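Fold and geometry: a report
Residue strings, one per chain:
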There are 2 protein chains.
Amino acid sequence: MTGSDRRPGLRRRDFLSAVGVAGGAGTLLATMGALGLTPAAQADSPYRAPRRSDFSLSGRSSAKVVILGGGIAGLACAYELGKAGYDCTVLEARDRVGGRNFTARGGTTQTDVRGDRQTARFSDDVYMNTGPGRIAQWMVTLDYCRELGVPIEVFTNTNANAFIYNEAAGMREPVRYRTAKADMYGYVSELLAKATDRRALDAELTKADKERLLDFLQDWGAIGGKAGSRRYTGTPRRGYSVDPGAGDQAGVPLGPVPSLSKTFADGVGRYFSFEFDYDQAMLMFQPVGGMDRIPMALAREVGGHRIRLRHVVTRITGGPDDVTVAYRDSNGEQRQITADFCVAALPPHILARIPHNLGADVQNALRAWQVDTAAKIGLEYRSRWWETDHRIYGGITETDLDVEHFWYPSHGFHGRRGILVNYFYDEHARKYGDLSPSERVRRAVAHGVKIHGEKHRTELTNSFSVAWHLIPHIEGAWAVPPVGTPAYRLLGKPAGRLYFAGDWLSHLTGWQAGSFDSARLVVSHLHERALSH
Amino acid sequence: MTGSDRRPGLRRRDFLSAVGVAGGAGTLLATMGALGLTPAAQADSPYRAPRRSDFSLSGRSSAKVVILGGGIAGLACAYELGKAGYDCTVLEARDRVGGRNFTARGGTTQTDVRGDRQTARFSDDVYMNTGPGRIAQWMVTLDYCRELGVPIEVFTNTNANAFIYNEAAGMREPVRYRTAKADMYGYVSELLAKATDRRALDAELTKADKERLLDFLQDWGAIGGKAGSRRYTGTPRRGYSVDPGAGDQAGVPLGPVPSLSKTFADGVGRYFSFEFDYDQAMLMFQPVGGMDRIPMALAREVGGHRIRLRHVVTRITGGPDDVTVAYRDSNGEQRQITADFCVAALPPHILARIPHNLGADVQNALRAWQVDTAAKIGLEYRSRWWETDHRIYGGITETDLDVEHFWYPSHGFHGRRGILVNYFYDEHARKYGDLSPSERVRRAVAHGVKIHGEKHRTELTNSFSVAWHLIPHIEGAWAVPPVGTPAYRLLGKPAGRLYFAGDWLSHLTGWQAGSFDSARLVVSHLHERALSH
């Protein structure tokens, strides 16, 4: 998942790059890195999973661990600790593992905190990832897919044929990414080439720099040479109204080309940098068959007997040598479990509501995370008209509408049916959250028609929506870590024999990779401690 | 396939956009289109396949058609004509259908025109598309995949994590696309923002234009504001030397940032426009399991009994009411077939060698196509080190080496093995074509080590290479149509009862879509004629 204000991924991107895109801190750190001056914590020390031989060789025995929460962080802890034979028990409040990694299929039900119950009526061959939907190449999540044997395929995060539509800017119809890019880059090239010709940049550019820059701009912006006054007058990169074909059909390039002022005023360029972001740049990936293939595979490895669903934690009591966790089991009975260690892999705001004896500092720290929300509306269609009518095979259409992003499916190309997903954040997610499921769909479809025409309404068959602040036991999309504060530092350490884990304790909040990385860190510390006592 | 000189796709792109990226003719046509002034031939008249009822309703009977060549154009003709019950026979000189659509798997053999025989020793789970490898969303090829039930998946034409390497520019090591883009776009933004601040563009920009442009540049180029002198000083978009992770691991942005002069001198920007091209922009696609799933599906629909392999055409004799084709069959026997119509779906330079009575004009016209070549070298590795070591899951590394492009596989992610493909053109393809298969591999691997290190050599297990000018009965990668000449016009019409078909008679040469479109055009004309007589 990814937070955003106007431009996709903005909120998250800002966090990811908090080390300094604008202020120069990034450069500072980079320079430090080049000089070997970065802090030890930054060192790229590869994770080493616990092994059974760690205990057998040391003559020690493994420990009993109770894990609160069967989301990615909790499951990953149980999986990694299980490699060394730890006796793990996972308590999960919901009726399924995975946490926010929640894939809706035909028959999936969800009752929100208001009591509104939805059942997805999707066809057998489609699904909707209501939580995380994409994985970057560098993320540890892919390593887990490899290790667990979860097949992956490309997630189509960007598509030249998808649309951009800024209603507030006065755009009357959507424009394709490829067209918007050709025009923006064309005008940027024209302007920079002219300024170079006018010697406005002589202080910055040598003669050789200038020649190379002008060569680049001519190719990259498809502008005329000096004789052509460096003008941008359109390019077939914009697309064609009649495609090139056989015989006489040379193709008719799409026209007319909007003016520079119109192109800038439409604001189409605001979406372009999304695809440069370290966490959003293509290529991206998804598990074949649904994102929940990951928690399903983890649960398989951990073993079903270690995972207790519909078990709600009611009290946490840390002692000098153990931790006792009281819970209400799936039959409504009050029970408790005592273990050598506990890993609390719940969202901080949920954890903060559970009575405990971990102290006021811990309780105050748990309140230091700001919790954001997000929503997804999945619309199943009886035909894949976006492929046949618009030639859009995957990707994301970006808009300034309150439903923000339109995700076309990255799987099932040419299939019978498919699901479009609107994905949006914060105030928009709260606004839609306030509506009934059917009202959400009505409103979303009214927007979609502006992009795609009437088929966005007439071909609709089923829907399912999730507003994450309304999902019981989760109540949010992600929590923004107060990095660098005493609160963040405090919960990065164990409270006695209780460890905290989750993407909220990482620099990758809202990403499964943050949960995996956090789980690995906790497992490493816990294991080191178990071996040293 | 795609021709290129220095920059990928250049040759082809130039052709596709011959209507005028530079000269203004594109704009002219686009304007004409907007005014409804484009020629009738440009009208977007949807193709209508022949039907059996066309004959039953008219009381006419369908005709016998002999089709020369079982490549995409020939098979598509047989498939489309077959829908109306035409009695088609396809004569194919090679031992397989598909023509240049040729997928090499374990056991595939190929003997070139010099007599050099290769057998691919690839593992069961990998393959190599030696000819066409990618399909754009708008191309009719995808419609055939849908109609024929050939599943498709994303072809990874661009990847932010792939490399760029220009040895001649003095680069000492490859740089990732994402890093090169961040730096080029950062410096372009800095320069244009400065020029704007200096009022060098006041003639072009209103106050509102300026504000919008500067807002765009700040976000898109990740540059500082006016107070920061608009400077580009790096951005996490470049990548990280230590990724962001859990706890204290904020990540270490990749450094140091090269100077503007170095960035320009490295010439990394020359590859950026490739992904804007109408025929190359992502998303692109490929059939699951190999490109030859398309000819295999066509052949299945046409019926094996209608397709004769290892049948070499030796003479074409057109008459007033029929066409007689003499051939040498798979047993070496000389035979002939007479049909109401003939479709010659062979490359023009191959057709030109076959004796015929179609006249000197036809013979001269067939010589008007310039034939380009291309080569692919497939290298199978015992591990997918590009995924594990370089975090490159698909995409293409671009270089100025003679092996030009390095394609990482778009399928089999996380699999046991995989095949890297070098793809290159013209003089480079001829140079490698002159080498023995093992010498080709030795040379290609020596280059690959510069990009990927020693694993490019040490993990290699098998290889297979194709230099298209050396493949019997094809002898080229694509033929460049002399669009607008009498020769092109002449062969766009039938010579008596013989029609010409192929991508060489389209504005999409080297693309399967050109073959399909050409086949449809010929089928439409032939069918109209059959119905009117």
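Scoring rules and cut-offs
Residues numbered from 1 in each chain as written. Chains lettered and ligands numbered in written order. Predicted model: local features only at pLDDT ≥ 70, side-chain atom pairs only at ≥ 80, totals over all residues. Heavy atoms only, no water. Contact = heavy atoms within 4.5 Å. Buried area = accessible area lost by both parts, 1.4 Å probe. Salt bridge = Lys/Arg side-chain N within 4 Å of Asp/Glu carboxyl O. Helix = DSSP H or I, 4+ residues; strand = E, 2+ residues; numbered from the N terminus. Nonpolar A, V, L, I, M, F, W, Y, C, P; charged D, E, K, R; others polar. 1 Å grid on protein atoms, 1.4 Å probe; cavity = no way out; pocket = protein on both sides within 12 Å on 5 of 7 lines; lining within 4 Å. Points joined across faces, edges and corners; volume = space filled by probe spheres on them. Buried < 20%, exposed > 50% of the residue type's maximum accessible area, 1.4 Å probe, protein only. Pairing = 2+ DSSP bridges. Right-handed = clockwise from strand over helix to strand, strands pointing away. UniProt positions renumbered as here; feature names shortened; annotations may be inferred. Polar contact = N/O pair within 3.5 Å; in protein donor to acceptor, adjacent residues only side chain to side chain.

Overview of the interface of chain B and chain A
- Each partner contributes to the interface: chain B provides 107 residues, whereas chain A provides 107 residues.
- Between chain B and chain A, the buried area comes to about 9,400 Å², and carbon and sulfur atoms account for 62% of it.
- On the surface where chain B and chain A come into contact, there are eight salt bridges.
- In this structure, the salt-bridge partner of Glu204 of chain A is Arg198 of chain B, at a minimum N-O distance of 2.6 Å.
- No other element matches helix α6 (residues 177-197) of chain B, which puts nine residues into the side of chain B that touches chain A.
- Residues that form the side of chain B that touches chain A fall into these classes: 54 nonpolar, 31 polar and 22 charged.

Comments concerning empty space enclosed by the protein
- Tallied over the full model, the rule gives 15 cavities of 30 Å³ or more.
- Taken as a whole, the largest cavity spans an internal volume of roughly 390 Å³.
- Together, 24 residues line the largest cavity, and Thr158, Lys181 and Glu275 of chain A together with Lys181 and Glu275 of chain B are the ones closest to its centre.
- Of all elements in the fold, only α6 (177-197) of chain A together with α6 of chain B reach the threshold of two or more residues within the lining of the largest cavity.
- Looking at the lining of the largest cavity residue by residue, the classes come out as 12 nonpolar, four polar and eight charged.

Here we look at the pairing of strand β1 (residues 64-68) of chain B
Residues and elements named next belong to chain B.
- Within β1, four of the five residues are buried, leaving the element largely enclosed by the surrounding structure.
- Where β1 and strand β2 (residues 87-91) come together, five bridges link them in parallel fashion. Opposite Ile67, over in β2, you have Val90 as the bridge partner.
- One crossover worth recording links β1 to the parallel β2 by way of helix α4 (residues 72-82), and it is right-handed.

A look at the sheet that holds strand β22 (residues 405-408) of chain A
Residues and elements named next belong to chain A.
- If you walk across this open sheet you meet the seven strands as β10-β9-β21-β22-β23-β20-β24, and the pairing is mixed. Since the sheet does not close on itself, it has two edges, and those belong to β10 (175-176) and β24 (460-467), each with one partner.
- Note: strand β20 (residues 374-381) against strand β23 (residues 418-425), eight bridges, orientation antiparallel. The residue bridging Lys376 from the neighbouring strand is Tyr423, located in β23.

Things to note about the UniProt feature "binding site: substrate" (unreviewed entry) in chain A
All names here are of chain A.
- What UniProt calls "binding site: substrate" (unreviewed entry) maps, in this numbering, to Arg134 and Tyr423. Over a stretch of 290 residues, the named residues converge on one spot in the fold, their C-alpha atoms separated by at most 12.8 Å.
- In this structure, Arg134 sits in the loop between β6 (128-129) and β7 (135-136).
- A distance of 2.6 Å separates a polar atom in the side chain of Arg134 from a polar atom in the side chain of Asn157.
- Examined against the element boundaries, Tyr423 turns out to sit in strand β23.

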